[in-house]
Amino acid sequence: MADAMATLRFCAWCPNLCRSAWPDGAPQREASTPSALSALTLMLAERRVAPDASIAAALGDTAMAEACRAACPYGYDIPAAVAAVAGAAHAG
Amino acid sequence: MLPMLAAQAASGPDAALADALAGIVGVANVLADFPDRLAASRDRAPLATFAFRDGLVPGVLPRAVVRPGTHDEVARVLAWAHANAVPVIPYGAGSGVLGGAIPLGGEIVLDLKRLNRLVAVNATDGLATVEAGMNGGRFEAALAAQGFTCGHLPQSLHMSTVGGWLACRGAGQNSTRFGKIEDMVVGLRAVLADGTNVEVRPAARRSTGPSLRDVFVGCEGTLGIITEATLRIWTRPEAELPLMLSFPDIASGLEAGRRIMQAELRPAVFRLYDDTETAPRTKDLAGFVKGRVLAILVFSGIERLASLERDLAREITDALGGREEGDAPYRHWLAHRFESYSPPWQASGHYMDTCEITGAWSRLVEMHGRMREAILGLCPGAHFGAHWSHAYPEGACQYMTVRLPPMPRADGLALHARAWDLLQTLTVEMGGSIAHHHGAGLLRGPWMAAELGAGGAAMLQRIKDALDPGNILNPGKLGLRGRDGAARVGGEG
Ligand SMILES: Cc1cc2nc3c(=O)[nH]c(=O)nc-3n(C[C@H](O)[C@H](O)[C@H](O)COP(=O)(O)OP(=O)(O)OC[C@H]3O[C@@H](n4cnc5c(N)ncnc54)[C@H](O)[C@@H]3O)c2cc1C
Ligand code: SF4
């Protein structure tokens, strides 16, 4: 959990340098970029935003973060970190 | 600045607005949920990061994110926004670092990334036509597949769009050879605030009055929205020949840069680091003499020509005490040239920012000395490092990194604001330009009048008023008049 939080804390301030791995034909949703997902998850874990349906839906949309995973030069697995931290935040 | 929780609580849907826009771009392309609006409320301005990490919205949430898929849809959205007095912020990849994309009150964000086609490559004329929302890295890869390069390779290549390059008058790492983006734009299509289409047809040069192209290149979305660009492209270089050097001090390194540029040599890459930035790059370099400063030069193109240019440059650098070094720093730079250095510092509570300015060769040594002194005088625990990485016959870009240690937010923001003021004021005082390639955005607004002069600033405002009388296009940026009730970004409240 601490590792996942540290990952999110790094990724949230990283300017999505992996985003060019996302194919041109697929719709681009800024909220689904790895960095935006990380920031939102962090805000949820720190109780800076309240859980609601739109946040749950956004955090479930990890297709882009998944596609960009191999292009992360730091080797982070953002979908896994989001799942670990958001799952705990929802449970808590 | 509003806490996110409060912004979330107040973020009810605006059904009428969403319906009207859905009528133009389709329901799936109007995103009005809180996560979409939150993601579009920041760009990569460190001030926005400082807000986000403290759970604050940098300005306000936009009313919705709208994703047009064609030039025509952009025009129709703008015509609608003009008629309904709804402000609009064009948004590429949000990698801008001056707050240019931050909403300040009532805006919709026009996300241009569905406009992402490479429209045409004209190999004979050496031109590529590309839609504005195309990712930079994907554009360069598509050109590479056909044997070309655009020559515009910013550090943010993979995290920015072509339209963002034009909008901010950006510079790539090979700009010393290929020029800044404004030197590459041969034609473009854009839309004015009321939905009027403007096309600057690609032509090598023209003599038909002031350049309309330059109304848009550098406008940061305040005068029009660029939907397509025709850019100069080049055959990929046959060779890239590095020249790794050290100099006794920055004065001799800068003098070498001046002589190389004025001798009409054109290195693709010219990077000279001050002692602070030299140290981490050379700590494992065998035989590197402490105190000397590092330079990376690369000559590219036809191998015989590049090799000759490198030899001629060597003659210049030898005469100034230049010494050849091992190529490990070059290889490291090549491997990491498109990455960002700031996330670990921002994650650990530092106040890190960068400031790039343009200085004349005759003033750069003094600029560096006085700016370093000013920052360390302001905060003795600060990090100040600089390099010079875009060179011209007249001068170069001085790119500075300032990092303040973790401290209470109010103190950090106050020192950060003071640091900017010192750097920008000193730049103007020493005859430089306050921005080399990041643009002015929101945060350089306070120094725009000093940059442009009172007459120049008034003229820019008059152009804005004439083209956008309702002040709907990215209001409050570039030092231009904001809208009533606009949020303040930076200080508290
Ligand atoms: C780590 C890092 C490294 C960087 N390195 C460089 C570098 O080497 N060189 C460099 O020049 N910059 C650099 N930048 C800054 C930034 O990447 C550039 O300014 C880039 O051109 C912005 O493109 P974008 O698509 O992300 O634009 P955005 O951030 O989305 O927008 C920037 C501004 O332009 C406006 N805009 C965007 N698209 C359009 C359009 N089509 N028409 C009109 N207005 C528009 C926006 O409203 C905003 O005001 C760096 C940034 C980061 C975070
Ligand atoms: S996944 Fe990696 S490269 Fe992508 S935004 Fe996060 S930290 Fe940056």
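Residues numbered from 1 in each chain as written. Chains lettered and ligands numbered in written order. Predicted model: local features only at pLDDT ≥ 70, side-chain atom pairs only at ≥ 80, totals over all residues. Heavy atoms only, no water.

A.B. asks: Can you help me understand the overall build of chain B in this one?
C.D. replies: Helices and strands together make up the secondary structure of chain B, namely 17 helices and 20 strands. In terms of its C-alpha atoms, chain B occupies a principal-axis envelope of roughly 70 × 60 × 40 Å. Residues counted as buried form 59% of the 493 residues belonging to chain B. Considering only contacts in chain B between residues 6 or more positions apart, those separated by 24 or more positions represent 73%. Surface summary for chain B: the accessible area is close to 18,400 Å², and the carbon and sulfur share equals 55%. Averaging the locations of the 48 positively and 51 negatively charged side chains of chain B gives two centres separated by 1 Å. (Helix = DSSP H or I, 4+ residues; strand = E, 2+ residues; numbered from the N terminus. Buried < 20%, exposed > 50% of the residue type's maximum accessible area, 1.4 Å probe, protein only. Contact = heavy atoms within 4.5 Å. Areas by Shrake-Rupley, 256 points an atom, 1.4 Å probe, with all protein chains shown as cover. Lys, Arg positive; Asp, Glu negative; His and termini not counted. Charge placed at Lys NZ, Arg CZ, Asp CG, Glu CD.)

A.B. asks: What am I meant to see in the site of ligand 2 here?
C.D. replies: Close to ligand 2 lie A:Phe10, A:Cys11, A:Cys14, A:Asn16, A:Leu17, A:Cys18, A:Pro34, A:Cys72, A:Pro73, A:Tyr74, A:Tyr76 and A:Ile78, which account for all nearby residues. Across the shell around ligand 2, the residue classes tally to eleven nonpolar, one polar and no charged. (Near = heavy atom within 4 Å. Nonpolar A, V, L, I, M, F, W, Y, C, P; charged D, E, K, R; others polar.)

A.B. asks: Teacher, can you tell me more about the packing of aromatic side chains here?
C.D. replies: We describe a pair of aromatic rings using the distance from one ring centre to the other and the angle between the two ring planes. In the structure shown here, the tally under the stated rule is eight aromatic pairs over all chains. Ring centres of A:Tyr74 and A:Tyr76 lie 6.1 Å apart, and the angle between their planes is 35 degrees; on these two criteria the pair is classed as tilted. Connected via pairs of aromatic rings, a cluster forms that spans A:Phe10, A:Tyr74 and A:Tyr76. Lying over the aromatic face of B:Tyr351, B:Arg53 brings its terminal NZ or CZ to 4.8 Å of the ring centre. Directly above the aromatic system of B:Phe178 lies the positively charged group of B:Arg177, at a separation of 5.9 Å from the ring centroid. (Phe/Tyr/Trp six-rings, centres within 6.5 Å; stacked < 30°, edge-to-face > 60°. Lys NZ or Arg CZ within 6 Å of the ring centre and 35° of its normal.)

A.B. asks: Would you mind going over the sheet that holds strand β20 (residues 395–404) of chain B with me for this structure?
C.D. replies: Two orientations exist for strands paired in a sheet by backbone hydrogen bonds: parallel and antiparallel. Residues and elements named next belong to chain B. Read across the open sheet, the seven strands follow the order β17-β14-β16-β15-β19-β20-β18; overall the sheet is antiparallel. Edge positions in the sheet fall to β17 (323–324) and β18 (351–360), since each has one partner strand and no second. Sheet topology places β18 next to β20; ten bridges connect them, and they run antiparallel. By the bridge assignment for β20, Gly-359 is matched with Ala-396. Strands in contact with helix α11 (residues 275–282) are β15 (269–273), β16 (293–301), β19 (383–391) and β20; relative to β19, the strand with the most contacts, it is inclined by about 90 degrees. (Pairing = 2+ DSSP bridges. Axes fitted to C-alpha atoms, helices over the stretch in contact; angles between N-to-C directions.)

A.B. asks: Got a minute to help me understand a nonpolar patch on the surface in this structure?
C.D. replies: Side chains of B:Ile302, B:Leu305, B:Leu308 and B:Leu312 sit close together on the surface and give an oily, nonpolar patch of about 360 Å² of accessible area. On the secondary structure map, B:Ile302 appears in the loop between β16 and α12 (303–319). (Patch = residues over 30% accessible without salt bridge, like charges linked within 9 Å, V, L, I, M, F, W, Y side chains within 5 Å. Salt bridge = Lys/Arg side-chain N within 4 Å of Asp/Glu carboxyl O.)

A.B. asks: Please explain the domain arrangement of chain B as it appears in this structure.
C.D. replies: By a widely used convention, the size of an interface equals the accessible area lost when the partners come together. Taken domain by domain, chain B consists of domain 1 (5–113), domain 2 (118–235) and domain 3 (239–336). Relative to domain 3 of chain B, the C-alpha centre of domain 1 of chain B lies at a distance of 44 Å. (Domains from an automatic or database assignment.)

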